[in-house]
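Okay, here's what each chain looks like letter by letter:
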Amino acid sequence: MLEWARPGDRSREFEDTALVHLDILYRSALRLTHNRAEAEDLVQEACLRAFRGFHRFNPGTNCRAWLLTILRNEFLKRLKKGGHEVLDSDPGDRQRGATSATDAGRPRGHPEEEFLQTVLHGDVDRALKALPLAHREVVILADLEGLSYKEIAQVVDCPIGTVMSRLSRGRAHLRDLLGRLAREHGYVKEPG
Amino acid sequence: MNCIEFEARLHPYVDGELEMTDMAAADAHLAQCAECQGRMEQERQFRQLLRRQPRESAPPEFRALIRARVRRSARVAAIRPWLLGTAAAAAVLLVMSLLPGLRPGQALITDLVSKHITYTQIEQPAEFASQDARAVEAWFRQRAGLRVTVSDYSPSGIRLVGGRLAEADDHKAAYVLYEKGHTLMSVFLVPASAPAAALKGTRVSYRGHDYLTLERKGYNTVAWTDGKAVFGLVSMLGYDALLECADKLRLDRAQRFGA
């Protein structure tokens, strides 16, 4: 029937343009929620929201960033609903000046190669889990998913300069946590 | 560029996000500073470690589910304008109120019409899907202790879809969904009691019973009360069809509860 052809076209267009990014949405949701059922529910809601608002998407602009923005907003909404603290501020603001971003967490006295080789499967996810959300999300987007600063700025809705400082502190913090895990595994000795 | 300036640009350098001129200056500094070169290498290795993390894909069944939901959403979106714009649309909303404290005036009817519109737009309007009226009644009884009469309108071509718990006027309400062709038809039950005087609308008599009619957002509504319960019916159907549905529900309830 003619009247059914249009909604079909619309959903096909959405599938071709947006659902090709389903994997990154899925992975990001898993790393944000740490719970498969919750992640799938989140992705499902984000996809339906995106589909309902697809007429607002400007073809030719970055669909991946647009979808991740929707996913993130939905995630923050759920956090808020659950009474959790939501990205009140960049946690780095409170410790700024305490340590230099690039020095923080580096297991001193050990070659970098040794430290990196001791990172076990699952350590990165475990360490990411411990990062404050403001840092975790930018590290996931930049270092695990390869988004540009500009794309990340769009997703987390803040200036590129803020993305850069959060990334810098997030990485330093992650490195620190990975260093601790390495010491726990006994592969790297406590810095003397 | 000196070491301090390079340090400030280390991350964007490794990320390939430096401007061309800064990039050239950083390269020039690295060529002559082993310490910064070493730092840069460490940073690069750290990035590589993160990039090497397993990249899980969405499972095929989940991908299929998302596709199906999007397609379904597209179909619902296609029905919606037709539902709102066609006088022949058979959307029926029935409200039965049993709890004290509810004032089913115009606001309640407007609220229920809004709810009906909302429910017809969501993916799964029925929490409990069944074409069996007794099964839907049993579900309401077990789920919320509500004695809901679910009428069988199938002889009129109106198929039962299922039920869900809703809220109206801050009260728990039962919602029964029907379907006629592509058009969804909804039934609500809001436990409350209310005097007949609280109902607003034009008084209409049908087969010996009084009903109040009111039009809201393009829907026709029919409401009535038996003292213990307030019933409302909202539809894009003409009042004749609505009154017939209302009469059937009234008869079914009288048979069931002897009211």
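Here, every reference points to the structure presented above.
Presented here is an overview of the structure given in this document. Throughout this description, residue numbers start from 1 for each chain and increase along the sequence as written. Here every chain gets a letter starting at A, and every ligand a number starting at 1, in the order they are written. Only residues with pLDDT of 70 or above have their local features reported here, since the model is predicted, and side-chain atom pairs are shown and tallied only from 80 upward, although totals for entire chains, interfaces and linings are computed over all residues.

What follows covers the overall build of chain A. Tallying secondary structure elements over chain A gives ten helices and zero strands in all. A helix here means a DSSP run of H or I that spans at least four residues, while a strand means a run of E at least two residues long, and both kinds are numbered starting from the N terminus. The linear arrangement of helices and strands in chain A, starting from the amino end, is α-α-α-α-α-α-α-α-α-α. In chain A, which comprises 192 residues, the proportion classed as buried is 38%. Placing a C-beta atom from the backbone of each residue, one calls two residues in contact when those atoms lie within 7 Å. For chain A, long-range pairs separated by at least 24 residues make up 72% of all intrachain contacts whose partners lie at least 6 apart in sequence. Three classes are used. A residue is buried when 20 or more other C-beta atoms lie within 10 Å of its own, exposed when 12 or fewer do, and partly exposed in between, with C-beta atoms placed from the backbone.

Another point: the packing of helix 3 (residues 36–52) of chain A against helix 4 (residues 63–81) of chain A. All names here are of chain A. Angles shown run from 0 to 180 degrees and are taken between the N-to-C directions of axes, each axis being a line fitted to C-alpha atoms and, for helices, limited to the stretch in contact. Put simply, helix 3 and helix 4 touch, their axes get as near as 9 Å, and they point 125° apart. By the criterion of interaxial angle, the relationship of helix 3 to helix 4 is oblique. The handedness of the crossing between helix 3 and helix 4 is right-handed. Between helix 3, through Leu42, Val43, Glu45, Ala46, Arg49 and Ala50, and helix 4, the contact on the second element is made entirely by Leu67, Ile70, Leu71, Glu74 and Phe75. For the contact of helix 3 with helix 4, the residue count by class is eight nonpolar, no polar and three charged. For classification, angles of less than 35 degrees are called roughly parallel, those exceeding 145 degrees roughly antiparallel, those between 65 and 115 degrees roughly perpendicular, and all remaining angles oblique. The sense of a crossing depends on the near helix, which, turned anticlockwise from the far helix by less than a right angle, makes the crossing left-handed and, turned clockwise, makes it right-handed. Nonpolar residues are Ala, Val, Leu, Ile, Met, Phe, Trp, Tyr, Cys and Pro. Charged residues are Asp, Glu, Lys and Arg, and all others, Gly as well, are polar.

On to the environment of Lys129(A). Mapped onto the elements of the fold, Lys129(A) is located in helix 7 (residues 123–130). Classification of Lys129(A) by C-beta neighbours within 10 Å gives exposed; the count is 11.

All right, on to the interface of chain A and chain B then. Note on interface size: it is often stated as the accessible area lost on association of the parts. At the junction of the two partners, chain A supplies 35 residues and chain B supplies 31 residues. Going through the elements one at a time, helix 1 (2–17), helix 2 (22–33), helix 3, helix 6 (112–117), helix 8 (133–144) and helix 10 (160–185) of chain A are the ones with two or more residues in the side of chain A that touches chain B.

On to the nonpolar core. To define a nonpolar core, we join buried Ala, Val, Leu, Ile, Met, Phe, Trp, Tyr and Cys residues through C-beta atoms within 7 Å and take the resulting set. Among the nonpolar cores identified, the biggest contains 49 residues, and Leu25(A), Ala29(A), Val43(A), Ala46(A), Leu67(A) and Leu71(A) are the most heavily contacted of them. Contacts of Val43(A), omitting those with residues within four sequence positions, involve Leu25(A), Tyr26(A), Ala29(A) and Leu71(A). Grouped together as the second largest cluster of nonpolar side chains are 42 residues, Tyr219(B), Phe231(B), Leu243(B) and Leu249(B) included.

The next subject is the packing of helix 1 (residues 3–14) of chain B against helix 3 (residues 34–51) of chain B. Residue and element names in this part refer to chain B. As a packed pair, helix 1 and helix 3 sit with axes 10 Å apart at the nearest point and diverge in direction by 20°. By the angle between their directions, the pair helix 1 and helix 3 is classed as roughly parallel. In this structure, helix 1 meets helix 3 at a crossing whose hand is right-handed. Judged by residue contacts, Cys3, Phe6, Leu10, Tyr13 and Val14 of helix 1 engage Cys36, Arg39, Met40, Glu43, Arg44 and Arg47 from helix 3. Of the residues in the contact of helix 1 with helix 3, the class split is seven nonpolar, no polar and four charged.

Phi is positive for His34(A), which is not a glycine, with a value near 60°. Looking at the secondary structure, you find His34(A) in the loop between helix 2 and helix 3. Even without being glycine, Arg207(B) reaches a positive phi, approximately 45°. If you trace the backbone, Arg207(B) turns up in the loop between strand 6 (202–206) and strand 7 (209–216).

This part covers the pairing of strand 7 of chain B. All names here are of chain B. Should DSSP find at least two bridges between two strands, the strands are regarded as paired. Where strand 6 and strand 7 come together, five bridges link them in antiparallel fashion. By the bridge assignment for strand 7, Val204 is matched with Tyr211. Taking the residues that link successive antiparallel strands as the turn, the strand 6-strand 7 hairpin has two residues, and the phi of Arg207 there is positive, at about 45°. Two strands pair when backbone bridges link them, and strand 7 and strand 8 (residues 219–225) are joined in this way by five bridges, in the antiparallel orientation. In the strand pairing of strand 8, Arg216 is matched with Tyr219. A loop of two residues connects strand 7 with strand 8, the two strands running antiparallel in sequence, and Lys217 in this loop sits at a positive phi of about 50°.

This is a description of form; function is not addressed.
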